[in-house]
Amino acid sequence: MSSPPSTPPTPPSSPLTHFDAQGQAHMVDVAAKAVTHRIARATGFIEMQPATLALINSGSAKKGDVIGIARIAAIQAAKRTADLIPLCHPLPLTRVAVEFAIDDKLNRVHCTVQAETLGQTGVEMEALTAVQIGLLTVYDMCKAVDRGMVMSQIRLLEKQGGKSGAWIAE
């Protein structure tokens, strides 16, 4: 006599929303979510040699206006996040604001991005992607003189909107 077919064990309940009941990756269904004004701010920095920062400050880097080009790259990255992160929803961004600040004392360029949309899902990934690509662009434009630059502290500062409301980093 053969034994009855066994059913696969049910995976433990997970707070990770990008997995279904069988543990398979899926795109979260946001159809039932309310359209709200969603905002996310993210930040990070790239640290470099003092001479590299001086080139950026003077505008005399070999490839041109480092900060101006990095700003455009960050905006473009926010708009293309769904092409880069497999399970992100493509979002109609209503605003992407990119700020760069030079820290001469610590030899850093800080990048802060605020992304906004009127939608059914948040814009945290867009803000974080924009920061990272903005900093990577600084690296790309300056790597000929400083390959030891380090990007660090890329993180979400705050998010607003949606069912979970506001969240602010400590």
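Residues numbered from 1 in each chain as written. Predicted model: local features only at pLDDT ≥ 70, side-chain atom pairs only at ≥ 80, totals over all residues. Heavy atoms only, no water.

**A few points about the overall build of the protein**
The number of helices and strands found in the protein is four helices and five strands. Each helix (α) and strand (β) of the protein, taken in turn from the N terminus, gives the series β-α-α-α-β-β-α-β-β. Counting all 170 residues of the protein, 34% fall into the buried class. Excluding contacts between residues fewer than 6 apart, the proportion of contacts in the protein whose partners are at least 24 apart in sequence is 69%. (Helix = DSSP H or I, 4+ residues; strand = E, 2+ residues; numbered from the N terminus. Buried < 20%, exposed > 50% of the residue type's maximum accessible area, 1.4 Å probe, protein only. Contact = heavy atoms within 4.5 Å.)

**A look at the packing of aromatic side chains**
Evaluated as defined, the whole model comprises zero aromatic pairs. We note R108 situated over the ring of F45; from NZ or CZ to the ring centre the distance is 3.9 Å. (Phe/Tyr/Trp six-rings, centres within 6.5 Å; stacked < 30°, edge-to-face > 60°. Lys NZ or Arg CZ within 6 Å of the ring centre and 35° of its normal.)

**Quick word on the nonpolar core**
Among the nonpolar cores identified, the biggest contains 28 residues, and M48, I56, F100, V109, V113 and V138 are the most heavily contacted of them. In terms of residue count, the dominant contributor to this core is helix α4 (residues 124-142) (seven residues). Excluding residues that lie within four positions of it along the chain, I56 makes contacts with M48, V66, I67, I102, V109, V138 and C142. (Core = buried A, V, L, I, M, F, W, Y, C linked by side-chain atoms within 4.5 Å.)

**Some details on helix α1 (residues 50-58)**
Buried within α1 are the following residues: T52, L53 and I56. Across the axial projection of α1, the buried residues extend over an arc of 95°, all falling on one side. Of the surrounding secondary structure, the elements contacted by the buried residues of α1 are α2 (66-79), β2 (93-103), β3 (108-119) and α4. Positive phi shows up at G59, right after α1, with a value of about 75°. (Arc of directions from axis to C-beta.)

**Observations regarding the pairing of β2**
It is a general feature of regular strands that their side chains alternate between the two faces of the sheet. In the sheet, β2 pairs with β3 via 10 bridges, with the strands oriented antiparallel. Residue pairing for β3: V96 is matched across the bridge by A115. The antiparallel hairpin formed by β2 and β3 contains four residues in its connecting segment, where N107 sits at a positive phi of about 55°. (Pairing = 2+ DSSP bridges.)

**Observations regarding the pattern of salt bridges**
One pass over the full model with this rule turns up five salt bridges. A salt bridge links R95 to E116; the nearest nitrogen and oxygen atoms lie 2.9 Å apart. Taken as a pair, R95 in strand β2 and E116 in strand β3 lie far apart in primary sequence, 21 residues in all. Classification of R95 as partly exposed rests on a relative accessible area of 40%. Classification of E116 as buried rests on a relative accessible area of 9%. We note a salt bridge from K143 to D140, for which the minimum N-O separation is 2.4 Å. (Salt bridge = Lys/Arg side-chain N within 4 Å of Asp/Glu carboxyl O.)

**Re the environment of G44**
Within the secondary structure, G44 is located in strand β1 (residues 36-47). For the pair G44 and V131, spaced 87 residues apart in sequence, the C-alpha separation works out to 6.5 Å. In contact with G44, not counting residues within four places along its chain, are V109, H110, C111, V131, L135, S152, Q153 and I154.

**Remarks on the sheet that holds strand β4 (residues 150-160)**
If you walk across this open sheet you meet the five strands as β2-β3-β1-β4-β5, and the pairing is antiparallel. A strand with exactly one partner marks an edge of an open sheet, and here the two such strands are β2 and β5 (167-168). Two elements, β4 and β5, share two bridges in a ladder whose sense is antiparallel. Considered in β5, the bridge of K159 is made with W167. Contacts between α1 and the sheet are confined to β2 and β3, with β2 contributing the most and set at about 125° to the helix. In the packing of α4 onto the sheet, the strands contacted are β1, β2, β3 and β4, and the crossing angle to β1 comes to about 25°. (Axes fitted to C-alpha atoms, helices over the stretch in contact; angles between N-to-C directions.)

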